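Overview (structure and organization)
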Amino acid sequence: MNAPIEQIAANRSFGGWHKRFRHHSTVLGCDMVFAVYLPPQAEDGPVPVLYWLSGLTCSDENFMQKAGAQRVAAELGIAIVAPDTSPRGADVPGAPDGAWDVGHGAGFYVNATREPYDRHYRMYDYAVDELPALIEANFPVTDRRSIAGHSMGGHGALICTLKNPGRYRSVSAFSPISNPVDCPWGHKAFSLYLGDDREQWKAWDSCELIGTATERLPILVDQGEADGFLDEQLKPDALRRACAAAGHPLTLRLQPGYDHSYYFIASFIEDHLRHHAAALGN
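First, a word on what this report is: a plain description of the structure on this page. Small disclaimer: the values here were computed from a predicted structure and weren't measured. (Residues numbered from 1 in each chain as written. Predicted model: local features only at pLDDT ≥ 70, side-chain atom pairs only at ≥ 80, totals over all residues. Heavy atoms only, no water.)

Here's the deal with the nonpolar core
Membership of the largest hydrophobic core comes to 69 residues, with the highest contact counts inside it found for Phe-34, Phe-108, Ile-135, Phe-139, Ile-147, Phe-190 and Tyr-193. At eight residues, the largest contribution of residues to this core is made by helix α3 (residues 123-138). Counting 26 residues, the second-largest nonpolar core is a separate cluster that includes Ala-67, Ala-69, Ile-80 and Ile-269. (Core = buried A, V, L, I, M, F, W, Y, C linked by side-chain atoms within 4.5 Å. Buried < 20%, exposed > 50% of the residue type's maximum accessible area, 1.4 Å probe, protein only. Helix = DSSP H or I, 4+ residues; strand = E, 2+ residues; numbered from the N terminus.)

Right, dumping it as structure tokens:
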């Protein structure tokens, strides 16, 4: 894949480089920005990649600026790729009511089937296929991939893994929207992007997918007990029950006093990076 990419920023970090790029996405029908952290080991040869999917209202910048992941990624020799969370632009429809939890910044990592969103909102295909092909064609990385995310991005990381056996070496999530067919955020986004047939929604719900998954990659989840979205939106107990029923390995760590913020992510990101490094062979 030789689509042109334009570098728009570069910062030296822990002996490696954090860089931002713009490219035109054929899948999304708009220009997209993504960030890449290349550890110092990438100067000597290809390194494996952790794909990070961010949550509602975020862009490629939030995780890279706030999570503090570069120090450990540099030690472990892992590249990190952070895409934006949705298609954007004047021609890309946003929320009909101007809401923050659908539309721009809220792609939910699904392939929309309902007009007018079906023309652009195909973040699943972008995250799973188009962006990794672009990364592997243009950067010193291998095809050893892991995936992680936060909140809406945690939901994205889980469904991308469960729907693609063999594609990722490991998966983890912070505060994932575990059961979107049964929470307000999921109801709002899925009805907008997928229509009113709730049976169709199940193809994009981790708790529904786990039962029929053909690969049993261990899932690591950290969840703050002081998270204001815990009971209504995130529903980690539903994920626990689904994994138990399917015999799917899950480490669900409830962290006392922690909320939904990047202070929480920064506190435990090292554990997640080491979890992925072990699976990636680093």
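Following the structure, the description resumes.
Section: the sheet that holds strand β1 (residues 5-13)
Ordered in space as β1-β2-β3-β5-β4-β6-β7-β8-β9, the nine strands form an open sheet in which the pairing is mixed. Every interior strand has two partners, whereas the edge strands, β1 and β9 (250-255), have only one. Ignoring which end each strand starts from, the neighbouring axes of this sheet average 20° apart. Of the strands in this sheet, β8 (219-224) and β9 are in contact with helix α9 (residues 236-246), which crosses β9 at around 155°. Sitting on the sheet, helix α10 (residues 262-280) is in contact with β4 (47-53), β5 (79-83), β6 (141-150), β7 (171-174), β8 and β9, with an inclination near 175° to β7. (Pairing = 2+ DSSP bridges. Axes fitted to C-alpha atoms, helices over the stretch in contact; angles between N-to-C directions. Contact = heavy atoms within 4.5 Å.)

Considerations on the pairing of β8
The element β8 is largely enclosed, with a buried count of six among its six residues. Bridge count for β7 against β8 is four bridges, and the pairing is parallel. Opposite Ser-172, over in β8, you have Leu-220 as the bridge partner. In this structure, β8 lies alongside β9, joined through six bridges in parallel fashion. Within β9, the position partnered with Asp-222 by the bridge is Arg-253.

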